[in-house]
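# A closer look at the structure
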Amino acid sequence: MDEAKTGGKQSLLRYQLLRQQNGICVYTGEPLELTQLESYEIDHIVPRSLGGPDAMLNYALTTRAHNADKGNRTPFDWLRGKGHWQAYLERVSKNSNFNRKKKDLLTSDKAVELAERYMSLAETAWIAKLAQTILAIHFQWPIGGIGGDRRIIVANGGLTAKIRNRYALGRLLQSPKDLAEKTDPSKLSQSEFVKYCEAIDKKNRNNKKHHALDAAILSFVPQWTRDRDKRDFFRFPKGVQENPQTYFKDILDKVVPEEIFHAKAKLEETFYAKRTIDGIAQMVLRRELRKLGYKTVQMKEVFSVESIAKNAKDILDRRTRELILDVAAREPSQEQWDQWCETARLPGGPRIRRVTLSIGEPTEYKDLSKDGSGIYAKGKNHRCQIVWRNKKGTYKVAPVYAHGPKKSLIESLKQLSEFQEIFGVFQSGQLVEIQSDIVANANTSLNKGIYTINSIWTDGRAKLTDIMGVQTPPVSLSKLISAGFRIYKG
């Protein structure tokens, strides 16, 4: 019974896709016959192995042969180099049954990232509706407005964006420097002026104040939604409508974005070994041959020829290194690389299943084995950085690794003959304040104000992000400290 139900759902899905595709294979343009419906296959446009979802948005109906030929690739990776690519693009573009998101998945070189983003939006919408229902039940309010006035309103991001764009509020998120560098609008053609406006009004997600701007806009939505006399599109109430730029700028000027919770330092899941090579201690890692061709993008493995060449340069064995670099130079496809790895062997020698890579010096690694056998691990990030000053007045940085206790490191620093004092303990993502302007060099100047720490390096430099989301060039700690660099207290 269950198998029959599943088969029935698959048949219905095939029929829906057949109609959506106007009776043709979207990949090739070949006709698909209703009488042959059960012989066709439902392909995942973005393969499941790359994170593609099980959703109508990510389905295409095609033949078994074409599905096998496409394999573990997106349409862009599969069809881009073939002669009928332009015809394919035109076919997708003209299909009015496809929404914009599906067209993007079918044609974009970033289909993997887009699939994740689109599904995240769908999940967010589902969670919002679920929360709306739970709250309505808890307070015994009408669900969805049935049987009375709607008491809980879900405002989607599209509405916020429309309001933001209509009143040009997005430019409040742009830094003065970004706005100053834009082309003089008086010299632009009409089409160029439209693009100019779109650029300066685009939501700047690097500026963390964008959350505050959206929240401030949303505070007016319930009032507008409940207004039975509302006309046309959204309007702010009197007092705000006359000059919304000034109203929201005053709000944003008072906002200081701050991370409430800093990510804890964690160890990598990978374990390393230690070897002495040419008299120098180095960390090494054994890796599966096939994985040299893959990099992690948003927690998913994505094939990359560049990854093969980059990883191969670190292989300890010279013959293996030269062989794999030669394969990389031929720029294999994902399928060709995977197939080669299945049978790869050194000329006249053994099979290559795993390779040993040199990772670097053992500075940040710790032996976690209880018997001293040498099972080394490294932190994904530092716990914090200790900034201290020696007796010559030079500021130095001691990173606290994920596996290292802060207290014992401070105590060991104090035992140094050159030690003078601990200036402070800083963490990435932490708010700091500069109390006076800095001219670091001819090309770099920082205004006094509040910044977020990106990183503090052991060479005595720091990289910050200002309150508008603009990253600063590296600046020496000595200049920062001279300008009143300190942890922001609020």
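As a starting point, this report considers the structure included with it. (Residues numbered from 1 in each chain as written. Predicted model: local features only at pLDDT ≥ 70, side-chain atom pairs only at ≥ 80, totals over all residues. Heavy atoms only, no water.)

### Comments concerning unusual backbone geometry
Notably, Asn22 is not glycine yet its phi reads approximately 60°, a positive angle. Looking at the element boundaries, Asn22 is found in the loop between α1 (2-20) and β1 (41-44). Take Asn22: its relative accessible area is 51%, and that puts it in the exposed class. Even without being a glycine, Gln140 presents a positive backbone phi close to 60°. A residue is classified by how much of its surface remains accessible, and Gln140, at 73% relative accessible area, is exposed. (Helix = DSSP H or I, 4+ residues; strand = E, 2+ residues; numbered from the N terminus. Buried < 20%, exposed > 50% of the residue type's maximum accessible area, 1.4 Å probe, protein only.)

### Some words on the sheet that holds strand β3 (residues 273-277)
In spatial order, the strands read β3-β4-β7; together these 3 strands make up an open sheet with antiparallel pairing. Of all strands in the sheet, those bounded by a partner on one side alone are β3 and β7 (354-360). Strand-to-strand twist of the sheet, defined as the mean angle between neighbouring strand axes without regard to direction, takes the value 45°. Here 5 bridges tie β3 to strand β4 (residues 280-288), and the two strands are oriented antiparallel to one another. Looking at the pairing, Ala273 lines up with Val284 of β4. (Pairing = 2+ DSSP bridges. Axes fitted to C-alpha atoms, helices over the stretch in contact; angles between N-to-C directions.)

### Quick notes on the pairing of strand β17 (residues 461-466)
Examined bridge by bridge, strand β16 (residues 449-456) and β17 share 5 bridges and lie antiparallel to one another. Bridge pairing in β17 places Thr452 opposite Thr465.

### Quick word on the packing of helix α4 (residues 85-94) against helix α5 (residues 100-107)
Where α4 meets α5, the closest approach of the two axes is 10 Å, and the angle between their N-to-C directions is 170°. Looking at the two axes, α4 sits roughly antiparallel to α5. Taking contact as the criterion, the partners of Trp85, Tyr88, Leu89, Val92 and Ser93 in α4 are, on α5, Lys103, Leu106 and Thr107. Split into classes, the residues belonging to the contact of α4 with α5 amount to 5 nonpolar, 2 polar and 1 charged. (Parallel < 35°, antiparallel > 145°, perpendicular 65-115°, else oblique. Contact = heavy atoms within 4.5 Å. Nonpolar A, V, L, I, M, F, W, Y, C, P; charged D, E, K, R; others polar.)

### Some remarks on the sheet that holds strand β19 (residues 486-487)
Within the open sheet, the 5 strands sit side by side as β18-β17-β16-β13-β19. Their pairing is antiparallel. Among the strands making up the open sheet, the edge pair consists of β18 (475-476) and β19.

### Digging into the side chain of Thr472
Structurally, Thr472 is set in the loop between β17 and β18. The class for Thr472 is buried, based on a relative accessible area of 9%. Beyond its immediate stretch of four places on either side in the chain, Thr472 contacts Leu446, Tyr451, Lys463 and Leu464.

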